[in-house]
Amino acid sequence: WRVPRGRARTAVEAGDQVLLVGPRVTAIERATGRIAWEGEETGQEPVAPPAVGRQELLIAGATGLARVGLKDGRLLARWRFEEPRQESGAPLLLSD
């Protein structure tokens, strides 16, 4: 299957889906290529590969971090960096 990438800058695997990550996230079913959902706008372009957790995706932009739910692409939270030039980069998820 083929899916237009639109404004997505990167693609990551999350279980049975491929996520196209740009100013919004689009989830594609790996088996069929069907669009499962299209998320809300995050408010910025990603500047690094996102971090995939069990239930969420963390996306770093030039000025902040967005937390997006993997179930439906809903924007769960958005944080602004105090010093964007010092804080921006690829997010990392750590477990307990």
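Rules behind the numbers
- Residues numbered from 1 in each chain as written.
- Predicted model: local features only at pLDDT ≥ 70, side-chain atom pairs only at ≥ 80, totals over all residues.
- Heavy atoms only, no water.
- Core = buried A, V, L, I, M, F, W, Y, C linked by side-chain atoms within 4.5 Å.
- Buried < 20%, exposed > 50% of the residue type's maximum accessible area, 1.4 Å probe, protein only.
- Helix = DSSP H or I, 4+ residues; strand = E, 2+ residues; numbered from the N terminus.
- Contact = heavy atoms within 4.5 Å.
- Pairing = 2+ DSSP bridges.
- Axes fitted to C-alpha atoms, helices over the stretch in contact; angles between N-to-C directions.

Moving on, we come to the nonpolar core. The biggest cluster of nonpolar side chains holds 13 residues, and the ones touching the most others in it are Leu19, Val21, Val25, Leu57, Ile59 and Val68. Residue assignment for this core shows that the elements contributing at least two residues are strand S1 (10-14), strand S2 (17-21), strand S3 (25-29), strand S6 (56-60) and strand S7 (64-69). With sequence-adjacent residues up to four places away left out, valine 25 is seen in contact with Leu19, Leu20, Trp37, Glu38, Gly39, Leu57, Ile59 and Val68. In this structure, Ala51, Ala60, Leu65 and Phe81 belong to the second largest nonpolar core, which totals five residues.

The next thing to look at is the side chain of threonine 26. The topology assignment puts threonine 26 in strand S3. A relative accessible area of 10% places threonine 26 in the buried class. Excluding anything up to four places from it in sequence, threonine 26 contacts Val18, Leu19, Leu20, Ile35, Trp37 and Glu38.

One open sheet accounts for four strands, arranged S1-S2-S3-S4; its pairing is antiparallel. Pairing within the sheet leaves two strands with one partner each, and these edge strands are S1 and strand S4 (35-38). Strand-to-strand twist in this sheet, taken as the mean axis angle between neighbours without regard to direction, amounts to 20 degrees. Two strands pair when backbone bridges link them, and S2 and S3 are joined in this way by five bridges, in the antiparallel orientation. Across the sheet, the residue bridging to leucine 19 is alanine 27, located in S3.

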